[in-house]
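Residues per chain, in single letters:
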Amino acid sequence: MIREWRAAVVVFLALTIVTGGVYPLVVTLIGQLAFASGVAGSVIERDGRAVGSRLIGQPFASPQYFWSRPSATGPMPYNGAVSSGSNQGPLNPALADAVTQRIAALRAADPGNTAPVPVDLVTASASGLDPHISVAAAEYQVARVARARGVHKAELEALVREHTAGRTLGLLGEPRVNVLELNLALDARAGR
């Protein structure tokens, strides 16, 4: 009986050391070497100060900036601690009301824009944290941002193209624009 207990305790301690110490250490070291930016949270720094992450969206409300997708993590938008979708289906009146209000806000911010509103500007992503918008969503906002900043639309259209990421491995997903990176590029061009 004691021999079985001793074997069980030795196996327990060995597995604890391997799975609780050695394995996490090896995985962390591999991650640090192969994916240094991702392991550190893909933090974007400007002037030695963290301004955000490439992986988590941020809210922008000023007309001088491109706006992100809505976040379903409210009341504090883009809160990584409560990442989730809204769980509102297409027949849910609350979702229909929220989309209607978001469309009205976009139309009010840019009354001359009669183009169809891209769906990703009025619906949250599954995680509620998506930092990207579609190219169509960025292009939809070009006129408003150009007017608010007093720059030519062509300059902003070029900036959007410059910050458009293609499909992953050339075939997965859709072309997309990281809103934080685009807005930081806007500020850099304006000398802020």
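Residues numbered from 1 in each chain as written. Predicted model: local features only at pLDDT ≥ 70, side-chain atom pairs only at ≥ 80, totals over all residues. Heavy atoms only, no water.

### Here's the deal with the sheet that holds strand β4 (residues 164-165)
Strand order in the open sheet formed by three strands is β3-β5-β4, and the pairing between neighbours is antiparallel. Sheet topology places β3 (132-134) and β4 at the edges, where each strand pairs with a single neighbour. Pairing geometry for β4 and strand β5 (residues 176-178), over two bridges, is antiparallel. Bridge pairing in β5 links Thr164 to Val177. The sheet strands contacting helix α4 (residues 135-149) are β3, β4 and β5, and the helix crosses β3 at an angle near 80°. (Pairing = 2+ DSSP bridges. Helix = DSSP H or I, 4+ residues; strand = E, 2+ residues; numbered from the N terminus. Contact = heavy atoms within 4.5 Å. Axes fitted to C-alpha atoms, helices over the stretch in contact; angles between N-to-C directions.)

### Details of the nonpolar core
If you look at the biggest cluster of nonpolar residues, it comprises 29 residues, and the most contacted ones within it are Phe66, Leu106, Leu121, Ile133, Leu156 and Val160. Mapped onto this core, the elements with two or more residues apiece are α3 (93-109), α4, α5 (153-162) and α6 (179-190). Once residues lying within four places of it in the same chain are set aside, the contact partners of Phe66 are Phe60, Ala138, Gln141, Val142, Arg144, Val145, Val160, Val179, Leu182, Asn183 and Leu186. (Core = buried A, V, L, I, M, F, W, Y, C linked by side-chain atoms within 4.5 Å. Buried < 20%, exposed > 50% of the residue type's maximum accessible area, 1.4 Å probe, protein only.)

### A few points about the pattern of salt bridges
Taken as a whole and judged by the stated rule, the model has six salt bridges. Linking Arg147 and Asp110 is a salt bridge whose minimum nitrogen-to-oxygen distance equals 2.5 Å. Of this pair, Arg147 sits in helix α4 while Asp110 is found in the loop between α3 and β3, placing the two residues 37 residues apart along the sequence. Across the pair Glu174 and Arg167 runs a salt bridge whose closest N-O atoms are separated by 3.3 Å. According to the relative accessible area criterion, Arg167 is partly exposed, its value standing at 40%. (Salt bridge = Lys/Arg side-chain N within 4 Å of Asp/Glu carboxyl O.)

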